[in-house]
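These are the residues of each chain, in order.
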Amino acid sequence: MLLSKLGIIVLLVILLAENCSLAFSVSSRRLGRLVSPPTSNDEHFCLSAKIDPNEGREGSLAAATKALGKVPYGETSRKYRRTVFKHDDWVNHRQSSSKVFDNLQSMFFSGVVRQLRPQVGAVTAVAAFVMGWNMGAVELAASNNIWLPTLILPTVPFTLSSPALGLLLVFRTNAAYTRWMSARDSWSRMAAHSKNLVRMGSIFSSDQAAVKELSKASWLYCRTVMNRLSSPDEDEEQYRKEVIERYQNSSIGTRIIKSKDRVMAAWKQLSLQLHSLPASDPKALIETDKSIIVLGECTSICEKVYSSPVPLVYTRHTARFLSLWALTLPCALYSSFLAQDQVWATLPASSILAFFLFGVDELAMQLEEPFSILPMSYFCQDILESAEILTEIAEEQEHDQVT
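Since the structure is predicted, the reported quantities are computational estimates derived from the model, not experimental observations.

1. Things to note about the overall build of the protein chain
Within the protein chain one finds 16 helices and zero strands. Here the protein chain holds 403 residues, and the buried ones make up 38% of them.

What follows is the structure, encoded as structure tokens:
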């Protein structure tokens, strides 16, 4: 009887590990088929392609897998999460004909799931130890008239403490999402006021060459802010390349790159470029300069978010609370399932609950620093393209007036 119980525990652990490994490998193969062209013998390709209709979209998991040759997770995957939705993406996002099954199918190659393997694995190991100790060591010692303590806990402490844990996780998640939204709003305002600078300059100034320089300075400021908020390993080389390319015939780009404070230098250059525009109405310059002030305010907000995390004392206390709560949970689940003669359920229940709770904390951790998952490159490119359109329209209107 004792050996059969131990055999059941070992079998559950092996099955759980093998199923997770199989799910990860199958999911990776499926993603590999998503990003590779179909063959005549690949009769399931079309069915697999339907699982991720956004496979070609930048930021999708399939695009990341194609770029890396494997499913990324953790820090590696953040640069592939800079999602920009368009109409077709929203249509696919709203489709829910088989959403439940798709979500379950994609769970095992989710970046969050892969990131949680150490935490969930630790809780699963504790659950397996509790089951093995109670069903094996304790019963074996009892048969030899040796007393060993049973690893069980009442559920009351967990029932009383779960609301406090829930509040800690909710407040942490809300704070992280607020930081993300603050960063996104700041970049929206930066894009709007950068375009407004070019729009106003092209209206009250007849010097279109100077307006073009203003549009370049507007892009340069936002691109420099992006460089400050990005990883040097990822963006420094690209930043230098883009700035030098835009300022090939000028020393402005080199001066900004070599500056000790690039953002301040770019901000000053933008101000100089605006006030160098020939304007018959000085009030127009003063009103337009307000957009430069807003750009500085938005940058300050971004720097505040970037340099100040959620108070570490709060984050650490939540992590310690959650870890202790989850690691001792199998003892309480064992006592509950023992009363129902379903002790075997302790292992999967502990793993699932650990996945959900640690998953919420992991989401907050991923959102806390928002800039590495915001599509800042897309914002800067949009500013540049909009500025070019505005200057082209101004040139066409000036040409029409001449002719």
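2. So, the side chain of T315
Within the secondary structure, T315 sits in helix α14 (residues 312–339). Apart from the residues within four sequence positions on either side, T315 is in contact with R172, V310 and M365.

3. Here's the deal with unusual backbone geometry
The backbone of N145 shows a phi angle near 60°, a positive value even though the residue is not glycine. Relative to the helices and strands, N145 resides in the loop between α7 (117–143) and α8 (156–204). Unlike most non-glycine residues, D341 shows phi in positive territory, near 60°. Assignment of secondary structure puts D341 in the loop between α14 and α15 (346–368).

4. Description of the side chain of S351
Within the element layout of this structure, S351 appears in helix α15. Here T124 takes part through its side chain, which lies 2.6 Å from a polar atom of the side chain of S351.

5. Quick look at the packing of α8 against helix α9 (residues 208–228)
Packing of α8 against α9 brings their axes to within 9 Å, and their N-to-C directions diverge by 170°. Of the possible angle classes, the one that applies to α8 and α9 is roughly antiparallel. Along the contact surface, α8 presents W187, M190, S194, L197, V198, G201 and S202, while α9 presents Q208, V211, L214, S215, S218, Y221, C222, V225 and M226. In the contact of α8 with α9, the residues fall into 10 nonpolar, six polar and no charged.

6. Some points on the nonpolar core
By size, the foremost hydrophobic cluster in this structure holds 45 residues, and its most contacted members are W187, M190, L220, Y221, L270, L274 and F371. Counting only elements with at least two residues in this core, the list comes to α8, α9, α10 (232–246), α11 (252–258), α12 (262–275), α13 (282–307) and α16 (376–402). The element best represented in this core is α9, accounting for 10 residues. Here M190 is in contact with Y221, C222, V225, L295, C298 and T299, once residues within four sequence places are set aside. If you look at the next biggest cluster of nonpolar residues, it comprises 17 residues, including L165, A332, A345 and A349.

7. Section: the layout of surface pockets
One water molecule sets the probe size; rolling that probe over the atoms shows where empty space is left. Its volume calculated, the second largest pocket comes out at about 830 Å³. Residue lining of the second largest pocket: 35 residues in total, with R82, M226, E234, M376 and S377 positioned closest to the centre. The set of elements that each furnish at least two residues to the lining of the second largest pocket consists of α9, α10 and α16. Across the lining of the second largest pocket, the residue classes break down as 12 nonpolar, eight polar and 15 charged.

8. What about the packing of α12 against α13?
Two numbers describe how α12 lies on α13: the axes approach to 10 Å, and their chain directions differ by 170°. The pairing of α12 with α13 is recorded here as roughly antiparallel in orientation. Each of V263, W267, L270, S271, L274 and H275 in α12 lies in contact with α13, whose residues at this interface are L285, T288, D289, I292, I293, L295, G296 and T299. Residues belonging to the contact of α12 with α13 are distributed by class as follows: eight nonpolar, five polar and one charged.

9. Describing the packing of aromatic side chains
In this structure the tally under the stated criterion is eight aromatic pairs. A ring pair is formed by Y177 and W180, whose centres lie 6.0 Å apart and whose planes are at 20°; its orientation type is stacked. In this pair, Y177 and W180 are both assigned in helix α8, three residues apart and thus about one turn of the helix distant. By relative accessible area, Y177 is classed as partly exposed at 42%. Residue classification places W180 among the partly exposed positions, given a relative accessible area of 22%. Three or more aromatic residues link up through ring pairs in this structure, and these residues are W187, Y378 and F379.

10. Quick notes on the environment of A345
Structurally, A345 can be placed in the loop between α14 and α15. Spatially, the C-alpha atoms of A345 and Y334 are 8.3 Å apart, while their sequence positions differ by 11 residues.

11. Digging into the pattern of salt bridges
Summed over the entire model, instances satisfying the criterion amount to 12 salt bridges. Across the salt bridge formed by R228 and D261, the nearest N and O atoms sit 2.4 Å from each other. Residue R228 is found in helix α9, and its partner D261 is found in the loop between α11 and α12; the two are separated by 33 residues along the sequence. By relative accessible area, D261 is classed as partly exposed at 28%. Residues E236 and R240 are paired through a salt bridge, measuring 2.8 Å at the closest nitrogen-oxygen approach. Residue E236 and its partner R240 are located together in helix α10, separated by four residues, close to a single helical turn. Take R240: its relative accessible area is 38%, and that puts it in the partly exposed class. A single salt-bridge network, built from bridges that share partners, covers R172, D361 and E368.

Basis of the calculations
- The residue count restarts for each chain, going from 1 along the sequence in the order it is written.
- Only residues with pLDDT of 70 or above have their local features reported here, since the model is predicted, and side-chain atom pairs are shown and tallied only from 80 upward, although totals for entire chains, interfaces and linings are computed over all residues.
- Heavy atoms throughout the structure, all of them, feed into the side-chain values; hydrogens and water do not.
- Helix numbers and strand numbers start at the N terminus; a helix is a DSSP run of H or I with at least 4 residues, a strand a run of E with at least 2.
- Type-normalised accessible area, obtained with a 1.4 Å probe on protein chains alone, sets the label of each residue: buried when under 20%, exposed when over 50%, and partly exposed for intermediate values.
- Pairs of residues are marked as contacts when any of their non-hydrogen atoms sit within 4.5 Å.
- Two N or O atoms count as a polar contact when they lie within 3.5 Å, although within protein this holds only if one can serve as hydrogen donor and the other as acceptor, and sequence-adjacent residues are included solely when both atoms are side-chain atoms.
- Only the contacting stretch of a helix is used when fitting its axis, a line to C-alpha atoms as for every element, and angles between N-to-C directions run 0 to 180 degrees.
- Should an angle fall under 35 degrees it is taken as roughly parallel, and over 145 as roughly antiparallel, whereas 65 to 115 is taken as roughly perpendicular and any remaining angle as oblique.
- Each residue gets one of three labels, nonpolar for Ala, Val, Leu, Ile, Met, Phe, Trp, Tyr, Cys and Pro, charged for Asp, Glu, Lys and Arg, and polar for the others, Gly among them.
- The nonpolar core is taken to be a set of buried Ala, Val, Leu, Ile, Met, Phe, Trp, Tyr and Cys residues, with the residues joined through side-chain atoms within 4.5 Å.
- The pocket and cavity definitions rest on a 1 Å grid over protein atoms only: a 1.4 Å probe that fits but cannot leave marks a cavity, an open set with protein on both sides within 12 Å along at least five of seven lines marks a pocket, and residues lining either have an atom within 4 Å of a point.
- Grid points are joined across faces, edges and corners, and a volume is the space filled by probe spheres set on the points.
- Each pair of aromatic rings taken from Phe, Tyr and Trp, with Trp reduced to its six-membered ring, is defined by centres within 6.5 Å and is described as stacked if the planes are under 30 degrees apart, edge-to-face if over 60, and tilted in the remaining cases.
- Between Lys or Arg on one side and Asp or Glu on the other, a salt bridge is scored when a side-chain nitrogen of the former is within 4 Å of a carboxyl oxygen of the latter.

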